[in-house]
Amino acid sequence: QVQLVESGGGLVQAGGSLRLSCAASGLSFSIYTMGWFRQAPGKEREFVAAISRSGGSTYYADSVKGRFTISRDNAKNTVYLQMNSLKPEDTAVYYCAASATMLRERLDRRVEEATRYDHWGQGTQVTVSS
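All of these numbers come straight from a predicted model, not from anything done at the bench.

Here we look at the sheet that holds strand E1 (residues 3–7)
Thinking step 1. Taken together, four strands build an open sheet; the order of strands is E1-E3-E8-E7 and the sheet is antiparallel. With partners counted over all chains shown, the strands left at the sheet margins are E1 and strand E7 (68–73), one partner each. Across the sheet, the mean angle from the axis of one strand to that of its neighbour is 15°, orientation sign disregarded.
Thinking step 2. Bridge analysis of E1 against strand E3 (residues 18–25) gives five bridges, and the strand direction is antiparallel. Within E3, the position partnered with Leu4 by the bridge is Ala24.

What about unusual backbone geometry?
Thinking step 1. With a phi close to 55°, Asn77 is a non-glycine residue in the positive phi region.
Thinking step 2. Here Asn77 shows up in the loop between E7 and strand E8 (78–83).
Thinking step 3. Under the relative-accessibility criterion, Asn77 is labelled partly exposed at 25%.
Thinking step 4. Unlike most non-glycine residues, Ser85 shows phi in positive territory, near 50°.
Thinking step 5. Here Ser85 shows up in the loop between E8 and strand E9 (92–99).
Thinking step 6. Taking relative accessible area as the criterion, Ser85 reaches 40% and is therefore assigned partly exposed.

Quick look at the environment of Ser7
Thinking step 1. Inspection of the secondary structure puts Ser7 in strand E1.
Thinking step 2. Its relative accessible area of 37% is what places Ser7 among the partly exposed residues.
Thinking step 3. Note: C-alpha distance between Ser7 and Arg19 (12 residues apart in sequence) is 8.6 Å.
Thinking step 4. In this structure, Ser7 is in contact with Arg19, Leu20, Ser21 and Thr124, ignoring residues within four places of it in sequence.

So, the state of the cysteines
Thinking step 1. One pass over the full model with this rule turns up one disulfide.
Thinking step 2. The disulfide bridge from Cys22 ends at Cys96, spanning 2.1 Å between sulfur atoms. Its S-S torsion of about -80° marks the bond between Cys22 and Cys96 as left-handed, since a negative value means left-handed. In this pair, Cys22 sits in strand E3 while Cys96 sits in strand E9, placing the two residues 74 residues apart along the sequence. For the pair shown, Cys22 and Cys96 are each scored as buried.

Quick notes on the rules
- Residues numbered from 1 in each chain as written.
- Predicted model: local features only at pLDDT ≥ 70, side-chain atom pairs only at ≥ 80, totals over all residues.
- Heavy atoms only, no water.
- Pairing = 2+ DSSP bridges.
- Helix = DSSP H or I, 4+ residues; strand = E, 2+ residues; numbered from the N terminus.
- Axes fitted to C-alpha atoms, helices over the stretch in contact; angles between N-to-C directions.
- Buried < 20%, exposed > 50% of the residue type's maximum accessible area, 1.4 Å probe, protein only.
- Contact = heavy atoms within 4.5 Å.
- Disulfide = S-S within 2.5 Å.

So, in structure tokens, the structure goes:
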């Protein structure tokens, strides 16, 4: 069955970096647009970043643009989120998600909509201290 497993979360001081990984199994990874979302305590789930099937196009939330980088390695069935210059407001559980319904290389605001994603990981905790 389909499984997405995130790893790489942890504790880091403000200004530091973390690299999250999401390993996929049970699906044809290269046909899925991949995204990262996060949810902080007491807040709604929010979009972070997305990457097209080939990895040729990326899309970021304004709050992380210039600090975070999403990438993928289709040979390894893995998507990554490199997080630099972390801030306390980045503290959240980070979720990996896969969409089979957004198949074109061009990415737009529709990738921000959680309902467009078909599969979700269990999440990994990122805590940024001040």
